[in-house]
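The chain contents come next:
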Amino acid sequence: MSVFGRSQAERETALLAELTELTEHHRANSEQYDRILSSLGIRSGEGFGSLNDLPWLPVRMFKTHELKSIPDSEVFKVLTSSGTTGGGASRIYLDKEAAGVQTKQLGATLQEVLGGKRLPMLMVDTISIIKNRRSFSARGAGVLGMATFGRGHVYALDENDQPDVEAVKEFLAKHGGEPFLIFGFTFMVWQYLYEVAREHKLDLSNGILIHSGGWKKLIDIAVDNSEFRKRFAEDTGLTQIYNYYGMIEQIGTVFLEGRSGNSLYCPDFADVIIRNPDTWEEQPVGEPGVIEVVSTLPRSYPGHVLLTEDLGVVHGIDDGDWPGKRFSVLGRLPRAEARGCSDTFSGAVAS
């Protein structure tokens, strides 16, 4: 069954009930979360009129606070973010049930574009990134999480992070005549797959590329999403390309690009709200602002309603490849503004 089936009205009705229940669940099981909501004047058992009214946490709080809704004895896996934006790394605590649910829902989301079969998989990364199984980096968690959806994995980089052209050629000789899966982070895909494929005239026409990550390095060399898709199609034959937006603080929830390109869509268990950075009110369609992400997946930690440090814009509602909002990520908030968002919130909590 598709996880891209709910209209916006159906989604908001269903999610409001589930997220209100989750808010109470986290209050009851996380002393810190309860303290945060109490300090914001939100009473236990309080109802909310819309998704817009649910209390959000700045994503940065997971770098500075230990936020979990499970006892230490039930912690099965700890995920850590890359910590590249300052303020340390986020730590996300999963129990066995949460780890299972996020894998299942990630699979249901990706099945929309991959189909039901596990495909031969080319990883645009190095196998050394997943060596530490207990505590993963964000990149390692992404690679390992995606590896589940393929078979016969071949890594496009050697253990020294250098392109392994022969390994890629061997993979294509064996699997290139049938559908195959490619995964990597956007800049690495460009640098270590597109440029290598163009130079060596590799045929990627049967590939399905799933990629994610910041565009900053590519924008610096004048490659945006449209140019990325165009050059891959013209120079390698690769046309099935799906960008996604997600974060370790809401592991298992990904917002997937539609077939037409240039818009991201929310699975049925998630949504986005674009907020005005001055008033925090929801922005109308077409007006950029700060991205808030909501998801029913985070149950072992209170990450169900998060204000990100990314800018985005909703392009339309119920008018694209799939129902619901279609949106784009425009880039990171300037660091000072991101800190300001968090400091404003922390000031309210402390007062």
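Residues numbered from 1 in each chain as written. Predicted model: local features only at pLDDT ≥ 70, side-chain atom pairs only at ≥ 80, totals over all residues. Heavy atoms only, no water.

### Here's the deal with the domain arrangement of the chain
Moving on, step 1. One can read the domain layout of the chain as domain 1 (8-94 + 263-332) and domain 2 (102-245).
Moving on, step 2. The centre of domain 1, based on its C-alpha atoms, is set 28 Å off from the matching centre of domain 2.
Moving on, step 3. Counting residues at the interface gives 20 residues for domain 1 and 14 residues for domain 2.
Moving on, step 4. Of the roughly 1200 Å² buried at the junction of domain 1 and domain 2 (both faces included), carbon and sulfur atoms supply 60%.
Moving on, step 5. The largest per-residue losses of area from domain 1 upon contact with domain 2 belong to Thr 80, Leu 264 and Trp 322, which jointly make up 29% of the total buried on that side.
Moving on, step 6. For the pair domain 1 and domain 2, the number of links is zero salt bridges.
Moving on, step 7. For the interface between domain 1 and domain 2, the tally reads one residue pair in polar contact (both at pLDDT 80 or more).
Moving on, step 8. Of all elements in the fold, only β2 (77-80), β13 (289-295), β14 (305-317) and β15 (325-332) reach the threshold of two or more residues within the side of domain 1 that touches domain 2.
Moving on, step 9. It is β2 that provides the largest number of residues to the side of domain 1 that touches domain 2, a total of four residues. (Domains from an automatic or database assignment. Contact = heavy atoms within 4.5 Å. Buried area = accessible area lost by both parts, 1.4 Å probe. Salt bridge = Lys/Arg side-chain N within 4 Å of Asp/Glu carboxyl O. Polar contact = N/O pair within 3.5 Å; in protein donor to acceptor, adjacent residues only side chain to side chain. Helix = DSSP H or I, 4+ residues; strand = E, 2+ residues; numbered from the N terminus.)

### Observations concerning the layout of surface pockets
Moving on, step 1. In this structure, the second largest pocket encloses a volume near 200 Å³.
Moving on, step 2. Lining the second largest pocket are 12 residues, with Asn 52, Asp 53, Leu 54, Trp 56 and Arg 275 positioned closest to its centre.
Moving on, step 3. Along the lines of polarity and charge, the residues of the lining of the second largest pocket split into seven nonpolar, one polar and four charged. (1 Å grid on protein atoms, 1.4 Å probe; cavity = no way out; pocket = protein on both sides within 12 Å on 5 of 7 lines; lining within 4 Å. Points joined across faces, edges and corners; volume = space filled by probe spheres on them. Nonpolar A, V, L, I, M, F, W, Y, C, P; charged D, E, K, R; others polar.)

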